Amino acid sequence: MPQFRRAVIIGASSGIGLALARALAADGAQVALVARRAAELDRAVADIGPERAHAYPHDVTQTDEIPALFAAIAHDLGGVDLVVYAAGILPDQPHDAYNTALDAQIIAINFTGAVAWLNAAAARFARTRDGTIIGLGSVAGDRGRRGNPVYGATKAALAAYLESLRNRLAVRGVTVVTVKPGYVATPMLAGAKTPRFLPIITPERAASDILAAAARGSVVAYVPPVWGMIMRVIRAIPSRLFRGLNV
């Protein structure tokens, strides 16, 4: 496994982002925790330990703040070798809802914020010719599903963007990993109806799988790996039949 020493986790106050911060800190890394909720960040730092974890309150929709904040984090940590974009929202809304204001918020957090942060990471790593970028997508981006169309669209767009970064940065020695989690027991999943026959894993298991995928040099990682087989089947369903399925 690459020995990450200076990591930035965007969306680190809960869920997979927080689990990744804990795992990296436990392995000896200095970790910058970036998220909107300052109180949650302070609790995370107290839990992990201030000798390893460092809080940086930030709203990812404020993209103009990112270059200066990223530079400050890199200075504080003495460098950066891993950037993870784990921020995202999945608002609960009826299947017959077409709420443009809410959809714009999903796009701003799930995709525009990711582009702004990972552009900054890509520019830095291209100069240093080293580093790893991990973007948290979703299996929801593999097909156009009935439920929350814009959430799935942002994850599909993120996957295409990460593939483009990977192709651009490969000659610079930079690793770009696209992670596609299935069901993970995070606050985002709370209250959601999930099929009984599909696996639900803990954020800690997800973090372990993500770091293991980075260690293997995976470019696309389904988390847990069984989702790779599940989505292969789902992608193979003809569009005419898929329209009638609520999956």
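What you are looking at is a predicted structure, and each value in this text was computed from that prediction instead of being measured. (Residues numbered from 1 in each chain as written. Predicted model: local features only at pLDDT ≥ 70, side-chain atom pairs only at ≥ 80, totals over all residues. Heavy atoms only, no water.)

**A word on the overall build of the protein chain**
So, point 1. Along its length, the protein chain carries 8 helices and 9 strands.
So, point 2. In terms of C-alpha radius of gyration, the protein chain reaches 17 Å, essentially the compact-globule figure of 18 Å for 247 residues.
So, point 3. With the C-alpha coordinates of the protein chain rotated into their principal frame, the extents come out at 55 × 40 × 30 Å.
So, point 4. Taken over 247 residues, the protein chain has a buried fraction of 51%.
So, point 5. At a minimum sequence separation of 6, the contacts of the protein chain that also span at least 24 residues come to 65%.
So, point 6. Working note: accessible area of the protein chain is about 11,900 Å², and carbon and sulfur atoms make up 54% of it.
So, point 7. Placing the 26 positive and 18 negative side-chain charges of the protein chain at their respective mean positions leaves the two points 10 Å apart. (Helix = DSSP H or I, 4+ residues; strand = E, 2+ residues; numbered from the N terminus. Rg over C-alpha atoms; globule rule 2.2 N^0.38 Å. Buried < 20%, exposed > 50% of the residue type's maximum accessible area, 1.4 Å probe, protein only. Contact = heavy atoms within 4.5 Å. Areas by Shrake-Rupley, 256 points an atom, 1.4 Å probe, with all protein chains shown as cover. Lys, Arg positive; Asp, Glu negative; His and termini not counted. Charge placed at Lys NZ, Arg CZ, Asp CG, Glu CD.)

**Quick word on the environment of Ala19**
So, point 1. Residue position: Ala19 is located in helix H1 (residues 15–26).
So, point 2. Spatially, the C-alpha atoms of Ala19 and Arg36 are 17 Å apart, while their sequence positions differ by 17 residues.
So, point 3. Among residues more than four places away in sequence, those in contact with Ala19 are Pro203, Glu204 and Ala207.

**Comments concerning the pairing of strand S2 (residues 30–35)**
The two faces of the sheet receive side chains in turn, since in a regular strand these alternate between them.
So, point 1. Summarising burial for S2: 5 of the 6 residues are buried, a large majority.
So, point 2. Relative to S2, strand S1 (residues 6–10) is paired through 5 bridges, and the arrangement is parallel. Bridge assignment links Ala7 to a residue of S2, and that residue is Val31.
So, point 3. What joins S1 to S2 is H1, and the crossover it makes is right-handed.
So, point 4. In this structure, S2 lies alongside strand S3 (residues 53–57), joined through 5 bridges in parallel fashion. (Pairing = 2+ DSSP bridges. Right-handed = clockwise from strand over helix to strand, strands pointing away.)

**Observations regarding the pairing of strand S4 (residues 82–85)**
So, point 1. With burial as the criterion, each face of S4 is covered, one bearing Leu82 and Val84 and the other bearing Val83 and Tyr85.
So, point 2. In this structure, S4 lies alongside strand S5 (residues 132–136), joined through 4 bridges in parallel fashion. Looking across to S5, one finds that Val83 is bridged to Ile133.

**What to know about the sheet that holds S5**
So, point 1. The strand order across the open sheet formed by 7 strands is S3-S2-S1-S4-S5-S6-S9, and the pairing between neighbours is parallel. Edge positions in the sheet fall to S3 and strand S9 (220–223), since each has one partner strand and no second. Pairwise comparison of adjacent strand axes, ignoring direction, gives a mean angle of 20 degrees for this sheet.
So, point 2. In this fold helix H2 (residues 38–48) packs onto S2 and S3, with an angle of close to 175 degrees to the strand it touches most, S3. (Axes fitted to C-alpha atoms, helices over the stretch in contact; angles between N-to-C directions.)

**Some thoughts on H2**
So, point 1. Among all positions in H2, only Leu41, Ala44, Val45 and Ile48 are buried. Projected onto a plane normal to the axis of H2, the buried residues spread over an arc of 100 degrees and lie on a single side.
So, point 2. Contacts from the buried residues of H2 go to H1, S2 and S3.
So, point 3. Backbone geometry just downstream of H2 places Gly49 in the positive-phi region, at approximately 120 degrees. (Arc of directions from axis to C-beta.)

**With respect to the packing of aromatic side chains**
So, point 1. Evaluated as defined, the whole model comprises 3 aromatic pairs.
So, point 2. Relative to Trp227, the ring of Tyr183 has its centre 5.6 Å away and its plane inclined at 80 degrees; by these criteria the two rings are edge-to-face. With Tyr183 in strand S7 (residues 183–184) and Trp227 in helix H7 (residues 226–236), this residue pair connects regions lying 44 residues apart in the sequence.
So, point 3. Judged by its relative accessible area of 3%, Trp227 falls in the buried class. (Phe/Tyr/Trp six-rings, centres within 6.5 Å; stacked < 30°, edge-to-face > 60°.)

**Some words on the environment of Gln93**
So, point 1. Mapping Gln93 onto the fold places it in the loop between S4 and helix H4 (100–128).
So, point 2. Assessed through its relative accessible area of 14%, Gln93 is described here as buried.
So, point 3. When the C-alpha atoms of Gln93 and Arg166 are compared, they prove to be 34 Å apart, with 73 residues separating the residues in sequence.

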